[in-house]
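# Overview (structure and organization)
Chain by chain, the residues:
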Amino acid sequence: MKNHLYIVSRSFGIGICLVGILSFSDIFTTPLYLEVPKGWPEPKYNFNRNPLTEEGFELGRHLFYDPILSRDNTISCSSCHLQQTGFTHVDHQLSHGIEGKIGTRNSMALINLAWNKDFMWDGGVNNLEVQAINPITSPTEMDEKLENVVAKLQNNPKYRTLFTKAYGDDKVTSQRLLKALAQFTVMLKSSNSKYDKVMRKEENFTQQEQHGYDLFKTNCASCHKEPLFADDRFEKNGLALDETLNDLGRIKITGKTEDKMRFKIPTLRNIQFTFPYMHDGRFKTLTEVVKHYNFLGNDKSLPKELAKPMNLSDNDRVDLVVFLQTLTDKEFLFDKRYGFPRE
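Conventions and cut-offs
Residues numbered from 1 in each chain as written. Predicted model: local features only at pLDDT ≥ 70, side-chain atom pairs only at ≥ 80, totals over all residues. Heavy atoms only, no water. Helix = DSSP H or I, 4+ residues; strand = E, 2+ residues; numbered from the N terminus. Rg over C-alpha atoms; globule rule 2.2 N^0.38 Å. Buried < 20%, exposed > 50% of the residue type's maximum accessible area, 1.4 Å probe, protein only. Contact = heavy atoms within 4.5 Å. Areas by Shrake-Rupley, 256 points an atom, 1.4 Å probe, with all protein chains shown as cover. Lys, Arg positive; Asp, Glu negative; His and termini not counted. Charge placed at Lys NZ, Arg CZ, Asp CG, Glu CD. Core = buried A, V, L, I, M, F, W, Y, C linked by side-chain atoms within 4.5 Å. Arc of directions from axis to C-beta. Polar contact = N/O pair within 3.5 Å; in protein donor to acceptor, adjacent residues only side chain to side chain. Axes fitted to C-alpha atoms, helices over the stretch in contact; angles between N-to-C directions. Parallel < 35°, antiparallel > 145°, perpendicular 65-115°, else oblique. Left-handed = near helix turned anticlockwise from the far one by under 90°. Nonpolar A, V, L, I, M, F, W, Y, C, P; charged D, E, K, R; others polar.

Before going further, it helps to spend a moment on the overall build of the chain. A count of helices and strands for the chain gives 13 helices and six strands. Taken against the 2.2 N^0.38 rule, which gives 20 Å for 343 residues, the C-alpha radius of gyration of the chain at 21 Å falls within 12% of a compact globule. Seen through its principal axes, the chain has C-alpha atoms that stretch 65 × 50 × 35 Å. Taken over 343 residues, the chain has a buried fraction of 52%. In the chain, the proportion of contacts linking residues at least 24 apart, taken out of those at least 6 apart, comes to 65%. Accessible area of the chain: about 16900 Å², with a carbon and sulfur share of 52%. Treating the 45 positive side-chain charges of the chain as one cloud and the 44 negative ones as another, the clouds have centres 3 Å apart.

And the structure:
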């Protein structure tokens, strides 16, 4: 990409141009831009399919924080995806839904989704614009039907206004609802941690952070690839099956035996605050996570990257965790633009 800037909408102020006749929303909406940091790969999200606008983003932001999406109007997307914890939940291993229901997995952090190809721990969704269907309709999360959500929004004066601003008329449809949510979540970009500043030569690592970074590149980077610190692959990570959950991972999606106990490799950005860790939230601290990987034995069922023990000393493990803390992006975690939309 040449200029590292995605221009994803139009605002011409006229009704006709060389590319054809524009709709109301093309004329009166404000274009929204996703700037791609220098050295990053191109996003995988198809912006042409869902042109971003400020008005669409704001509609999605209101929807994200509104419990109106749930059956009893008590659970919003933000109930499990809190901004200050990297847009994931905190204080419990598994996500919680309406009426105190408990899900079967730890919620994933919503960070840099524009660069994701698949979503959910098992990759059961491959399109960000339909991802929200899962939590909205899940019996243990929002437990609602899309048609009911559409009806509630259509009867809400605030949303009729917001839909008009975003789409040119106040008609609420499930497609518009889902696209607006995607416009908000696709813009959740985190790229200004200390690590990023060091890469831009604006700051320097401490000696301890540098040693941790060296250890990371040797032991972790093959799965958690820079600069996103993530991967689209699904892998086994040596965790024993939790027999109370019986979550077998990606095999439920593909039906392939080799996908048993394979889960999506998540991003490590803001990992300091996205605890608990793993698909079932079994680890509360980064120290526990590092110890798990450090003491994996020779297991032929594991990917080659994990087949050999890391054999890190106590000091090495501390330094690795110290480096991981440099992936914290406080600007992202406290950016008011991503926060609850106050009138």
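One finds Leu59, Leu63, Leu69 and Leu153 to be the most contacted residues of the largest nonpolar core, which totals 52 residues. Among the elements of the structure, α2 (54-64), α5 (146-154), α6 (157-167), α7 (174-185) and α13 (330-333) are those that each provide at least two residues to this core. Sort the elements by how many residues they give to this core and α7 lands first, with six residues. Ignoring any residue separated from it by four or fewer positions in sequence, one finds Leu63 in contact with Leu69, Leu153, Tyr159, Leu177, Ala180 and Leu181. Core analysis: the next-biggest nonpolar cluster, separate from the first, contains 25 residues, Phe229, Leu286, Met310 and Val321 among them.

We now examine α6. Buried within α6 are the following residues: Tyr159, Leu162, Phe163, Ala166 and Tyr167. Taken end-on, α6 shows its buried residues confined to a sector of 105°, consistent with a single buried face. Those residues of α6 that are exposed and aimed more than 90 degrees away from the buried face are Pro157 and Lys165. The opening residue of α6 is Asn156, an N-cap whose side-chain oxygen sits 2.9 Å from the backbone nitrogen of Lys158. In the segment just after α6, Gly168 is the residue with positive phi, at about 95°.

Before going further, it helps to spend a moment on the packing of helix α11 (residues 286-294) against helix α12 (residues 314-324). In the contact formed by α11 and α12, the axes pass within 10 Å of each other and the chain directions differ by 125°. Classified by the interaxial angle, the pair formed by α11 and α12 is oblique. As α11 runs across α12, the sense of the crossing is right-handed. Listed contacts from α12 to Leu286, Thr287, Val290, Lys291 and Asn294 of α11 are Arg317, Leu320, Val321 and Leu324. Of the residues belonging to the contact of α11 with α12, the class tally is five nonpolar, two polar and two charged.

Time to look at α11. Restricting attention to buried positions, one finds in α11 the residues Leu286, Val289, Val290, His292 and Asn294. The inward-facing, buried residues of α11 abut α12.

Next up on the list: the packing of α2 against α6. Each pair of packed helices can be summarised by the angle the axes make with each other and by the distance between the axes. Relative to each other, α2 and α6 sit at 150°, their axes nearing to 8 Å. Considered as vectors, α2 and α6 are oriented roughly antiparallel to each other. With respect to the hand of their crossing, α2 and α6 are arranged in left-handed fashion. Residue-level contacts link Glu55, Gly56, Leu59, His62 and Leu63 of α2 to Lys158, Tyr159, Leu162, Phe163, Lys165, Ala166 and Tyr167 of α6.

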